[in-house]
Amino acid sequence: MATVATTTATVQARRARPGGRLRAGALGIVAWLAGLVFVLPLLWMVLTSFHSEADAATNPPSVTAPLTLDGYREFFGLTGGASPWPALINSMTASVVSTLLTLLLAVPAAYALSIRPVKKWTDVLFFFLSTKMLPLVAGLLPIYLFAKNTGLLDNIWALVILYTAMNLPIAVWMMQSFLSEVPVAIIEAAQIDGAKLPTVLTRVVAPIALPGIAATALICFIFSWNELLFARVLTGVVAETAPVFLTGFITSQGLFLAKVCAASLVISLPVLAAGFAAQDKLVQGLSLGAVK
């Protein structure tokens, strides 16, 4: 105890020195500058979205240009264009449903790899991650031919199945690290009381690993919401997603920068809202097991 008290007093004394305060202040300034570097493009996109197309296209950009809502009016189809709501609903459907399916498949798989005795579980995890190393373009043609022959082109459920398969490896890998922190004694006590596997997963494992599940769900949701390549190739009009709808504003003729910025901001709001709502669970989940 005396050693601990001495160490604590030494650390506090070093922090109280003028050099320590200056160093801490300098690090704080560097952290704020780094944060501004990352936030500045987002703030610039927000400002550009409220400019007219002529002001948004000026070089150098005009910061003091008058503000307008024309970009948002064009995005929401108030000036005669297409409505974005079908695309937004398609993106929400594909992202939410695929995330739920991914969790339903990833949690039992991660439970088997982390808690149940599975031989060479590290090889299994490496196999899961190796599937993410394949370039998306390499699988584009086979998936397109499969969707065409099965009548799944321009079908939102094709994207649901595809996003589930794409996010499952990373979800299993993340959940395995989270579930490995669940005390085995609690699971064994529940099994002694007669709890079956579904009960153990839903009433014992899930509440303990809730931060990890929330972090995994948020990552899968973001990946599904932002996916563009397969959505661009496999969808048309009926199953068009929000990123595909956004690319329709980019043309070779005319000005479109303000409208694209407005559309990008609106399409980013669900992801930002989900991240803000689950930020505490996300931090707990990503840091789970970091401190022993």
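This structure is a prediction, so every number in the text was calculated from the model and none was measured. (Residues numbered from 1 in each chain as written. Predicted model: local features only at pLDDT ≥ 70, side-chain atom pairs only at ≥ 80, totals over all residues. Heavy atoms only, no water.)

A. Layout of the overall build of the protein. From N to C terminus, the protein includes 15 helices and zero strands. For the protein, long-range pairs separated by at least 24 residues make up 75% of all intrachain contacts whose partners lie at least 6 apart in sequence. When the accessible surface of the protein is split by element, carbon and sulfur atoms take 71% of a total near 17400 Å². (Helix = DSSP H or I, 4+ residues; strand = E, 2+ residues; numbered from the N terminus. Contact = heavy atoms within 4.5 Å. Areas by Shrake-Rupley, 256 points an atom, 1.4 Å probe, with all protein chains shown as cover.)

B. Summary view of the nonpolar core. Counting residues in hydrophobic clusters, the biggest one holds 27 residues, and the most contacted among them are Tyr-111, Met-175, Leu-179, Val-182, Ile-187, Val-200 and Val-205. Among the elements that line this core, the one with the most residues is helix H8 (residues 156-179), at seven residues. The residues touching Val-182, leaving out its near neighbours within four places in the chain, are Ile-115, Ile-187, Ile-208 and Ala-209. Core analysis: the next-biggest nonpolar cluster, separate from the first, contains 19 residues, Ala-87, Phe-221, Ala-242 and Ile-267 among them. (Core = buried A, V, L, I, M, F, W, Y, C linked by side-chain atoms within 4.5 Å. Buried < 20%, exposed > 50% of the residue type's maximum accessible area, 1.4 Å probe, protein only.)

C. The packing of helix H6 (residues 121-130) against H8, seen in detail. Relative orientation of the contacting elements H6 and H8 amounts to 145°, with a least axis distance of 8 Å. Crossing handedness for the pair H6 and H8: left-handed. Between H6, through Trp-121, Leu-125, Phe-128 and Leu-129, and H8, the contact on the second element is made entirely by Pro-169, Ile-170, Val-172, Trp-173 and Gln-176. In terms of residue class, the contact of H6 with H8 is built from eight nonpolar, one polar and no charged. (Axes fitted to C-alpha atoms, helices over the stretch in contact; angles between N-to-C directions. Left-handed = near helix turned anticlockwise from the far one by under 90°. Nonpolar A, V, L, I, M, F, W, Y, C, P; charged D, E, K, R; others polar.)

D. Summary view of the packing of aromatic side chains. Tallied over the entire structure, the rule returns seven aromatic pairs. When the ring of Phe-75 is compared with that of Phe-245, the centres are 5.9 Å apart and the planes differ by 75°; the resulting orientation is edge-to-face. Taken together, the positions of Phe-75 in helix H4 (residues 70-75) and Phe-245 in helix H13 (residues 242-247) put the pair 170 residues apart, joining distant regions of the chain. A network of ring pairs unites the aromatic residues Phe-75, Phe-76, Trp-85, Phe-245 and Phe-249 as a single cluster. (Phe/Tyr/Trp six-rings, centres within 6.5 Å; stacked < 30°, edge-to-face > 60°.)

E. Spatial organisation of the layout of surface pockets. Quantified by volume, the largest pocket comes out at close to 420 Å³. Ile-143, Leu-162, Ala-165, Met-166 and Phe-230 are the residues nearest the centre of the largest pocket, which is lined by 18 residues in total. Those elements giving two or more residues to the lining of the largest pocket turn out to be helix H7 (140-149), H8 and helix H12 (229-234). Taken together, the residues of the lining of the largest pocket sort by class into 15 nonpolar, two polar and one charged. (1 Å grid on protein atoms, 1.4 Å probe; cavity = no way out; pocket = protein on both sides within 12 Å on 5 of 7 lines; lining within 4 Å. Points joined across faces, edges and corners; volume = space filled by probe spheres on them.)

F. Summary view of the confidence of the model for the protein. On average, residues of the protein score 84 in pLDDT, and 88% of them are at 70 or above. Per-element mean pLDDT across the protein ranges from 50 in helix H1 (residues 2-16) up to 94 in H12. This model gives residues 1-5 a pLDDT under 50, and the stretch forms zero contacts once residues within four places in sequence are excluded. (pLDDT = per-residue confidence, 0-100.)

G. Spatial organisation of the side chain of Asn-90. Within the secondary structure, Asn-90 sits in helix H5 (residues 85-114). Not counting residues within four places of it along the chain, the set of residues in contact with Asn-90 comprises Ile-156, Val-238, Ala-239, Glu-240 and Thr-241.

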